[in-house]
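# Descriptive structure summary
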Amino acid sequence: MDGDDPMSSPRWGWFVVAPMLLGAALCLVTRSRSPDGRPLPSARQEAPRGEAPREGASRRAPEEPPALAGSAEPAEAVGGLPLVGPSPDDRHDGPAHPHPTTPRHLEIQHENGLVALLNDAMSARNGARMRELLNEVRRTHPGDANGLQDGYGIIADCLEAPGEASRAAAEGYHARRRASTVRRFVRTICLEGG
């Protein structure tokens, strides 16, 4: 009876494989055509005569710094894609980097890196290193809208010179800064002695 099973014959496999191959071929054909049915140019095709290659026109020398947002010419990002500014009036005539790195992005990234180092020093209970990093944060990022710098300073005081003064400062910070992300560390390290 095993030999009579039509599902085990080699011809049955073609009923499964043939539609899969046809689907893959159709997928390749549709991906190589534009919406109006014309074939898309491949990366290997040359530009038409009299036209400069589009990719080469946007290239810059590697040592040239990227232009800042709002400048007349967009800078080049990683991967050769130009950066486009956030304004709807900025040029959007082709592929562009989806999230341009602006000076503000770099500033936030630097500040977050310093905060990560502060957290590492706090975990190691190294008050001197925290004080060193805190001075760098205050020098490069003077605004402290969330009171994080004050909280890290109080924690550094508690680690370097535990006593009544540092405990009173910690209690005041803990009472005032209820939404601070550093508040729990002030409580754990300064008030609970953890």
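To start, this report covers the structure provided alongside it. Along each chain, residues carry numbers from 1 onward, in the same order as the chain's sequence is written. In view of the model being predicted, local features appear only for residues whose pLDDT reaches at least 70, and side-chain atom pairs are presented and counted only at 80 or more, with totals across whole chains, interfaces and linings using the full set of residues. The basis for the side-chain values is all heavy atoms of the structure; hydrogens and waters are excluded.

### Brief notes about the overall build of the protein
Here is the rule: Helix numbers and strand numbers start at the N terminus; a helix is a DSSP run of H or I with at least 4 residues, a strand a run of E with at least 2. Only protein chains enter the accessibility calculation, which uses a 1.4 Å probe; a residue is then buried when its area is under 20% of its type maximum, exposed when over 50%, and partly exposed in between. For the area figures, the Shrake-Rupley method with a 1.4 Å probe applies, and any residue is considered shielded solely by the protein chains shown.
A tally of helices and strands in the protein yields seven helices and zero strands. Going from N to C terminus, the protein has its helices and strands arranged as α-α-α-α-α-α-α. Each of the 194 residues in the protein was classed as buried or not, and the buried ones make up 19%. For the protein, the accessible surface area stands at approximately 14,500 Å², while carbon and sulfur atoms represent 57% of it.

### Here we look at the packing of helix 5 (residues 148–160) against helix 7 (residues 183–191)
This is how it is decided: Fitted lines through C-alpha atoms serve as axes, helices being fitted only where they are in contact, and the angles separating the N-to-C directions of these axes extend from 0 to 180 degrees. In these notes the angle categories are as follows: under 35 degrees is roughly parallel, over 145 is roughly antiparallel, 65 to 115 is roughly perpendicular, and the rest is oblique. Crossings are classed by handedness, with left-handed meaning an anticlockwise turn of the near helix from the far one by less than a right angle and right-handed meaning a clockwise turn. Pairs of residues are marked as contacts when any of their non-hydrogen atoms sit within 4.5 Å. Each residue is assigned to one of three groups, with Ala, Val, Leu, Ile, Met, Phe, Trp, Tyr, Cys and Pro labelled nonpolar, Asp, Glu, Lys and Arg labelled charged, and all others, Gly among them, labelled polar.
Remark: helix 5 packs on helix 7, axes separated minimally by 9 Å, with the N-to-C direction vectors making an angle of 15°. Between helix 5 and helix 7, the angle falls in the class roughly parallel. Helix-helix and strand crossings are classified by hand; for helix 5 and helix 7 the assignment is left-handed. Contact residues: G151, I154, I155, C158 and L159 in helix 5; F185, V186, I189 and C190 in helix 7. Its residues assigned to classes, the contact of helix 5 with helix 7 shows eight nonpolar, one polar and no charged.

### Points about the packing of helix 3 (residues 103–123) against helix 4 (residues 127–140)
One way to put it is that helix 3 packs onto helix 4 with a least axis distance of 9 Å and a crossing angle of 165°. With respect to helix 4, the element helix 3 is oriented roughly antiparallel. For the pair helix 3 and helix 4, the sense of crossing is left-handed. For the pair helix 3 and helix 4, the contacting residues are H110, L114, L117, L118, A121 and M122 in the first and R129, M130, L133, L134, E136, V137 and T140 in the second.

### Some details on helix 6 (residues 164–176)
Helical periodicity: at 3.6 residues per turn, an α-helix aligns residues three or four positions apart in one direction. Operational definition: One fewer than the residue count of a helix, multiplied by 1.5 Å, yields its expected span. The reported arc concerns the directions from the helix axis to the C-beta atoms and nothing else.
The terminal C-alpha atoms of helix 6 lie 18 Å apart, and with 13 residues this matches the ideal 18 Å at 1.5 Å per residue to within 8%. Restricting attention to buried positions, one finds in helix 6 the residues S166, A170, Y173 and H174. Buried residues along helix 6 cover an arc of 100° about the axis, so they all sit on one side. Projecting away from the buried face of helix 6 at angles above 90 degrees are the exposed residues E164, A165, A175 and R176.

Keep in mind that these numbers describe shape and distance, not what the molecule does.
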